[in-house]
Amino acid sequence: MELLSATLARVKPSPTIAVTTKAAELKAAGRDIIGLGAGEPDFDTPQNIKDAAVAAIAAGKTKYTAVDGIAELKQAICAKLKRDNGLDYTPAQVSVGTGGKQILYNALMATMNPGEEVVIPAPYWVSYPDMVLLAGGTPVIATATLEDDFKLTPAALEAAITPKTKWFIFNSPSNPTGAGYSREELKGLTDVLLRHPHVWVMSDDMYEHLAYDGFEFCTPAEVEPQLYDRTLTVNGVSKAYAMTGWRIGYAAGPEKLIGAMRKIQSQSTSNPCTISQWAAVEALNGTQDYIAPNNEMFVRRRNLVVEMLNEIDGVICPTPEGAFYVYPSIAGLIGKTSAAGTKITDDETFAAALLEETGVAVVFGAAFGLSPNFRVSYATTDKALKEACTRIQSFCAGLT
Ligand SMILES: Cc1ncc(COP(=O)(O)O)c(C=O)c1O
C-alpha cells in the first residue's frame, strides 16, 4: 500500500518558505545573501505584549484553554471588530486559532466537499489553493492583472462563479502585491456576490493595519451588511504587532460555521497556545501607538524599492496601498541572457539566476499565480534594501 495519501499528492510545499530556507542555507555556507523573501516584520514584538506573556506565565496561566479561545481574548476581538470595522459580533461568533493560517484551514476543512469550488483572485497568497486542495475542494483562479493594479474586477469575479462555488477568498491589502481595495472597488465585488447567494465570503484581513498614504481599509461584511450572514472575517496579530512566532489568528462569522471550525480544532490542536492568547489580549486592548511609526518606516522603504526597481529597463513596479510587498513585472526581461549565461525564460529562472549571481533572494511570481513577476518583501532595513535593489539593477543591466 502507498504510504502517502492521494490528497497529499495534489499539494505542494510552501514556495515562500522554500526560498527563505534556501537563502538561509546559502548564508550558512558563507555566501553574502540578502533575503527579500520573508513574510514578517523585521522589528520586535512590542514590550507591553511581551510583558503580558511573562505575567501570564507567572500567574500560572499555562494550562489548556477552551478549544477556540479564552473569553478575555474573544471579548478583545469583539471590541476590536467594533472599534476598527464597525462590526457587531458576540464571543460565540469568534474563533481563535494557531495563526491566521490555521483559521483559514479550519474553515475550509469544515465546509468543503469534493467537487465544490473556491474562487481565488490571482496573484494570491501561496497557501490558499493548496489549502483548498487539502480540504478536498477545487481552486478556481480569477486573475487580476497589472493593468488593473492587481485588483479583481467585478466582471472577472462574475465569470469565475459557478453553481459549485462555495467560497470567494478576498485579501486586501494583498500578499503578494500589497494592493488594497477602496470601498468603491470592494462594493463592485460585493454587488456581484449579492447576486449569488450560495457563495460564502472569506475575507483575509491580515494586513489591515499596514495601509499607507491615507488608504482606508474596508472589509466585505462592513461594506455590504447583507453579506454579514455568509462572511467569515479573518484577521490576526502576526503582522501588525510583529507576533508571527506567537501563532495567534482569529475569525468572526455565523455561529454554525464557528462551531464547525471548533470541531476541527478540537480534534487537531486542542487550543492555541495559552500564553500567546494572553499576549494577544494585550496586543488588541493595549496601546496601538507603535503602528503609525512602523507604517512610516514601511512607506519609506516601499518608496525606496518602488523607485529603484522602476529605474530598471524592462521592469514595471506599481506602488501598492499596503502590506510590505511589491510585485514588479519583468515582462520586458524575458528571453534575455544573464552575465553568467542563464537564459531568462520565466520568472522562476529569473529568481534563481538573481540568487545565484547576486545573492538576492526574491520569490518568483508563478508561486503566486501571476507571471512574469517577482515578489519583494521590504520588511528589512533600508541599508539591505538599497544594496539589494542596486544588485538587482546591475543584474538586469547585465542582461543581453
Ligand atoms: C495573506 C495572509 N493570510 C494569512 C497569513 C497567515 O498568518 P499567520 O502567521 O497568522 O498564520 C499570512 C502570512 O503570511 C498572509 O500573508
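The rules behind the values
- Residues numbered from 1 in each chain as written.
- Predicted model: local features only at pLDDT ≥ 70, side-chain atom pairs only at ≥ 80, totals over all residues.
- Heavy atoms only, no water.
- UniProt positions renumbered as here; feature names shortened; annotations may be inferred.
- Helix = DSSP H or I, 4+ residues; strand = E, 2+ residues; numbered from the N terminus.
- Rg over C-alpha atoms; globule rule 2.2 N^0.38 Å.
- Buried < 20%, exposed > 50% of the residue type's maximum accessible area, 1.4 Å probe, protein only.
- Contact = heavy atoms within 4.5 Å.
- Areas by Shrake-Rupley, 256 points an atom, 1.4 Å probe, with all protein chains shown as cover.
- Lys, Arg positive; Asp, Glu negative; His and termini not counted.
- Charge placed at Lys NZ, Arg CZ, Asp CG, Glu CD.
- Core = buried A, V, L, I, M, F, W, Y, C linked by side-chain atoms within 4.5 Å.
- Domains from an automatic or database assignment.
- Near = heavy atom within 4 Å.
- Polar contact = N/O pair within 3.5 Å; in protein donor to acceptor, adjacent residues only side chain to side chain.
- 1 Å grid on protein atoms, 1.4 Å probe; cavity = no way out; pocket = protein on both sides within 12 Å on 5 of 7 lines; lining within 4 Å.
- Points joined across faces, edges and corners; volume = space filled by probe spheres on them.
- Nonpolar A, V, L, I, M, F, W, Y, C, P; charged D, E, K, R; others polar.
- Buried area = accessible area lost by both parts, 1.4 Å probe.
- Salt bridge = Lys/Arg side-chain N within 4 Å of Asp/Glu carboxyl O.
- Patch = residues over 30% accessible without salt bridge, like charges linked within 9 Å, V, L, I, M, F, W, Y side chains within 5 Å.
- Axes fitted to C-alpha atoms, helices over the stretch in contact; angles between N-to-C directions.
- Parallel < 35°, antiparallel > 145°, perpendicular 65-115°, else oblique.

As annotated in an unreviewed UniProt entry, the protein chain carries the name Aminotransferase and comes from Sulfitobacter brevis. For the record of the protein chain, the UniProt heading Catalytic activity (unreviewed entry) holds the text "L-aspartate + 2-oxoglutarate = oxaloacetate + L-glutamate". Entered under Sequence similarities (unreviewed entry) in the UniProt record, the comment concerning the protein chain runs "Belongs to the class-I pyridoxal-phosphate-dependent aminotransferase family."

> Would you mind showing me how to read the overall build of the protein chain here?
On a plain count of helices and strands, the protein chain comes out with 14 helices and twelve strands. Taking 400 residues into account, the globule formula puts the C-alpha radius of gyration at 21 Å, and the protein chain, at 21 Å, falls close to it. Each of the three principal axes of the protein chain carries a C-alpha extent, and together these read 60 × 55 × 50 Å. Classification of the 400 residues of the protein chain by burial places 55% in the buried group. For the protein chain, the share of sequence-separated contacts (at least 6 apart) that also reach a separation of at least 24 residues comes to 75%. Roughly 16,200 Å² of accessible area belongs to the protein chain as shown, and the carbon and sulfur atoms make up 56% of that amount. When the 34 basic and 44 acidic side-chain charges of the protein chain are each reduced to a single mean position, those positions are 5 Å apart.

> Got a minute to help me understand the nonpolar core in this structure?
In terms of nonpolar packing, the biggest core is built from 79 residues, with L108, M202, L232, V305, L309 and F350 touching the most fellow members. Looking at this core, you find at least three residues from each of domain 1 (6-44 + 290-397) and domain 2 (63-285). Every residue in contact with F350, bar those within four places of it in the chain, is listed here: I330, L333, I344, F374, F395 and C396. Membership of the second largest hydrophobic core comes to 30 residues, among which are V96, M243, I248 and I291.

> Can you walk me through the site of the ligand in this structure?
The immediate surroundings of the ligand are formed by 13 residues, with G100, D204, Y207, S238 and K239 found nearest. In this structure, an oxygen atom belonging to the ligand sits 2.7 Å away from a side-chain N or O atom of S238. Separating an oxygen atom of the ligand from a side-chain N or O atom of K239 is a distance of 2.6 Å. Alone, the ligand offers 390 Å² of accessible surface; in the complex the protein occludes 92% of this.

> For this particular structure, what's the right way to read the layout of surface pockets?
The gaps of empty space that remain are located by a probe, the size of a water molecule, rolled over the atoms. By volume, the largest pocket amounts to about 550 Å³. Along the walls of the largest pocket sit 27 residues, with G39, K101, W125, N175 and K239 positioned nearest its centre. Listing elements by their share of the lining of the largest pocket, those giving two or more residues are helix 2 (15-28), helix 5 (99-111) and helix 6 (127-134). Looking at the lining of the largest pocket, its residues break down into nine nonpolar, twelve polar and six charged. Here the lining of the largest pocket spans two domains, and each of domain 1 (6-44 + 290-397) and domain 2 (63-285) adds at least three residues to it. Roughly 270 Å³ of volume is contained in the second largest pocket. In terms of lining, the second largest pocket is formed by 17 residues, of which the most central are K27, I34, G35, L36 and A38.

> In this structure, what is going on with the domain arrangement of the protein chain? I would like to understand it.
Think of interface size as the accessible area that goes away when the parts come together; that is how it is often given. We note that the domain assignment places domain 1 (6-44 + 290-397) and domain 2 (63-285) within the protein chain. Taken together, the contact pairs 37 residues of domain 1 with 37 residues of domain 2. Summed over both partners, the interface of domain 1 with domain 2 comes to about 3,000 Å²; 61% of that surface belongs to carbon and sulfur atoms. Contact with domain 2 buries surface across domain 1, with R10, E321 and F368 losing the most and accounting together for 21% of the total. Linking domain 1 with domain 2 are three salt bridges. Residues K12 and D130 are paired through a salt bridge, measuring 2.7 Å at the closest nitrogen-oxygen approach.

> When you look at a nonpolar patch on the surface in this model, what are you seeing that I'm missing?
On the surface, a cluster of nonpolar side chains totalling about 400 Å² of accessible area is made up of L3, L4, L8 and L134. Structurally, the position occupied by L8 is in helix 1 (residues 6-9).

> What's the story with the UniProt feature "domain: Aminotransferase class I/classII large" (unreviewed entry) in the protein chain in this structure? I'm lost.
Here the UniProt-annotated "domain: Aminotransferase class I/classII large" (unreviewed entry) positions come out as residues 32-392. Secondary structure across residues 32-392 comprises 38% helix and 14% strand; the distance between its end C-alpha atoms is 14 Å.

> Any chance you could explain the packing of helix 12 (residues 291-310) against helix 14 (residues 382-397) here in plain terms?
Relative orientation and spacing of two packed helices are given, respectively, by the angle between their axes and the distance between those axes. Where helix 12 meets helix 14, the closest approach of the two axes is 10 Å, and the angle between their N-to-C directions is 10°. As the angle between them shows, helix 12 and helix 14 are arranged roughly parallel. Here R300, R301, L304, V305, M308 and L309 of helix 12 lie close against helix 14, whose contacting residues are D382, L385, K386, C389, T390, I392 and Q393. Residue composition of the contact of helix 12 with helix 14, by class: seven nonpolar, two polar and four charged.

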